[in-house]
Amino acid sequence: AIHPHHTMLRNILLVAVAATLPSFSAAFAPSSSLPATISRSAAPGICAVRASEESISRRSLLAAGFAAGFALPLKDAFAQDAPAAAPAAAPAPAAPAPAAPAAPAAPEPFKVSGTYATDVTDLLGRMKAATAFKKGDAGMKSVVEDCRAAMSTFVAYYRRNNKVAGAASFSTLYTAISTLSGHFQNYGSEYPVPEKRKKRLNQQYAEIEKQVTRGR
């Protein structure tokens, strides 16, 4: 006969086993993502594979994070070691402004040589220079004043010479001297000869040169 205590112990064990069966069955039940043909006996192996995959995934993530964290310092280090960019070329210096034309040197004072043709040629050169000036030209005043002094000296010397005073060249030259001297006397030594008067004087200068060449 079974002892009442043994019966009670057996019943308690049966109840405990029955209570653990649902959780045991759920632990080895096939996953919803597994094919229906996989048996329950393969569940422990599948769980192991999944655990292994999860472990590999964790190791891959850790390795990728380590690689990224290691690569950033290396990138900064190489960036610091890279050669510095060459400095930009300095702009070319600006071209210097053109120098203002130098004023003509003051001519030597006119001196009578006593040779009429030589003195006429010298005087005509001074008269042409004084006539050619334009408004604002440098050195005009000194050239004009020299020309006026030369004209006065020439006329004072050769006007008393009857042989020269009767020559055609002297007559034309005397007219040109009167025109040019009168202009500067009326307008000053820094006022250029007007174009119309300048043209007439240049014609007279050319005529005087021809007359002197011909001995007239």
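Further up the page is the structure itself.
## Details of the nonpolar core
Generally speaking, a soluble globular protein has its nonpolar side chains buried in company with each other.
Thinking step 1. In terms of nonpolar packing, the biggest core is built from 30 residues, with L123, M127, F154, L173 and L180 touching the most fellow members.
Thinking step 2. Counting only elements with at least two residues in this core, the list comes to α3 (116-132), α4 (140-158), α6 (168-187) and α7 (195-213).
Thinking step 3. At nine residues, the largest contribution of residues to this core is made by α4.
Thinking step 4. When neighbours within four sequence positions are excluded, L180 is seen to be in contact with M127, T131, C147, M151, V193, L201 and Y205.

## Some remarks on the pattern of salt bridges
Thinking step 1. On inspection of all chains with the given rule, the structure shows four salt bridges.
Thinking step 2. When the shortest N-O distance is used, the salt bridge between R126 and D122 registers 3.0 Å. Of this pair, R126 and D122 are both found in helix α3, four residues apart, which corresponds to roughly one turn of the helix.
Thinking step 3. We classify R126 as buried; its relative accessible area is 11%.
Thinking step 4. The residue K198 makes a salt bridge to E195 at a minimum N-O spacing of 3.5 Å. With a gap of three residues between them, K198 and E195 both fall in helix α7, about one helical turn apart.

Criteria and cut-off values
The residue numbers shown here count from 1 along each chain, following its written sequence. Since the coordinates come from a predicted model, pLDDT governs what is reported: local features require at least 70, and pairs of side-chain atoms require 80 or more to be given and counted, while whole-chain, interface and lining totals use all residues. Heavy atoms throughout the structure, all of them, feed into the side-chain values; hydrogens and water do not. In this text, buried Ala, Val, Leu, Ile, Met, Phe, Trp, Tyr and Cys residues form a nonpolar core when linked through side-chain atoms within 4.5 Å. A 1.4 Å probe rolled over the protein chains alone gives each residue an accessible area, and that area as a share of the maximum for its type sets the label: buried under 20%, exposed over 50%, partly exposed in between. Helix and strand definitions here come from DSSP, where helices need a minimum of 4 consecutive H or I residues and strands a minimum of 2 consecutive E residues; each element is numbered from the N-terminal end. Any two residues having at least one pair of non-hydrogen atoms within 4.5 Å are treated as being in contact. The salt bridge definition used is simple: a Lys or Arg side-chain nitrogen within 4 Å of an Asp or Glu carboxyl oxygen.

By themselves these figures say nothing about function.
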